[in-house]
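# Fold and geometry: a report
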Amino acid sequence: MTAELETDHPAAAIAEAVALKGVSVAYGAATVLSEIDLVVPKSQFLAVLGANGAGKTTLLSVLAGLVRPSAGAVRLGGEAAPREAHRRYRRGLAFIGDDRQIFPKLTVEQSMRLVDCREEPRELFPELELLWQRRVGLLSGGEQQMVALARALAAHTSIVVVDELSQGLAPIIRDRLLGQLRTAASGGTTVIVVEQAVDAVLTVADEGVVLRQGRIIDHRPAADLLNDRDRVVASFLE
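Residues numbered from 1 in each chain as written. Predicted model: local features only at pLDDT ≥ 70, side-chain atom pairs only at ≥ 80, totals over all residues. Heavy atoms only, no water.

## Overview of the sheet that holds strand β5 (residues 79–80)
Here we have four strands laid out as an open sheet, ordered β2-β1-β4-β5, and antiparallel in their pairing. Edge positions in the open sheet fall to β2 (30–41) and β5, since each of these has one partner strand only. With five bridges joining them, strand β1 (residues 16–27) and strand β4 (residues 71–76) adopt antiparallel strand pairing. Paired with Ala19 across the bridge in β4 is Arg75. In the packing of helix α2 (residues 56–64) onto the sheet, the strands contacted are β1, β2 and β4, and the crossing angle to β1 comes to about 120°. (Pairing = 2+ DSSP bridges. Helix = DSSP H or I, 4+ residues; strand = E, 2+ residues; numbered from the N terminus. Contact = heavy atoms within 4.5 Å. Axes fitted to C-alpha atoms, helices over the stretch in contact; angles between N-to-C directions.)

Structure representation (C-alpha cells):
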C-alpha cells in the first residue's frame, strides 16, 4: 500500500518541491526501486546518475505519475501528489521523456500553443526563430529537445523532470540545453535530470544522486561528486 508522507518540520515542507518517502517499485518478482527517500528543495538542480538499469527512468516516471509505486509516497510542493500524471502537470510538473513529448505533425508554433506560454519561447532558445513554421517531426534531435524544453519553461512550470536529456545529441547541443536548465533553476524552477554525461551535468547541477540496483547509494553536492568523479563512475559498475 502507498503510505502517507509525514513531515516533522512543516517549514521544511513549504520549501520542498518534491519528496519521496520509502518509494519502492516492483514488476512481478523484480524490484526496480527499493525504499527511495529523497527530498528536492525548490529551485534546486538535481542530477540523477547511474548505470543503465539502475532505476533512473523508473524514478522519474514515479515522480511524473506514470508509474505507481508499490510502496511509499510522493509529495509535490509539500502536499500529497495526485495519482494521475495530468493532475501533476496541472500542479506544475512537466515531464520530458526520451520521446520528448512532441507532436511530429505540428509546427513549432503550434506546439507552443498547446501550453499557456507566459514567456516568449524564442527568447529561451533564439534558434527556434528560423524553425517557427517547420514541423517538429522534421527537426533534428537537438532542435526537438529545444522545443520540448522551451514549451515547459515558457509555461513557467515549477518542476521540470527530464529523462536522458542529451541522448544522441552533440556535446555543444547538450551544453546549450544544460545551460538553459541551469538558468531556469537559478530563476526558481526545480530541475531534475537523468544524464549520462557525468562531468557536464555535475558542472551545472546543485546536487547529485547516484542510483545502483534501485537504491540511492550516494547523495551529495554536485561539486563534491565531481571532485570524486572516478569513484562515482566506478560505483555504477560495482
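Anyway, onward from the coordinates.
## Details of the sheet that holds strand β6 (residues 93–96)
Here six strands make up an open sheet; going across it, the order is β6-β7-β8-β3-β9-β10 and the pairing mixed. Looking at the sheet topology across the chains shown, the edges are occupied by β6 and β10 (215–221). Strand-to-strand, the axes of this sheet are offset by a mean angle of 15°, without reference to chain direction. With six bridges connecting them, strand β9 (residues 207–212) and β10 associate as antiparallel partners. Bridging from a neighbouring strand, Leu211 pairs with Ile216 of β10. Running at roughly 135° to strand β3 (residues 45–50), helix α7 (residues 171–186) makes contact with β3, β7 (159–162) and β8 (190–194) of the sheet.

## Details of the environment of Ile192
Its place among the elements puts Ile192 in strand β8. Residue classification places Ile192 among the buried positions, given a relative accessible area of 2%. The contact partners of Ile192, leaving out residues within four places of it in the chain, are Val18, Val40, Leu46, Val48, Leu60, Leu63, Val160, Val161 and Val162. (Buried < 20%, exposed > 50% of the residue type's maximum accessible area, 1.4 Å probe, protein only.)

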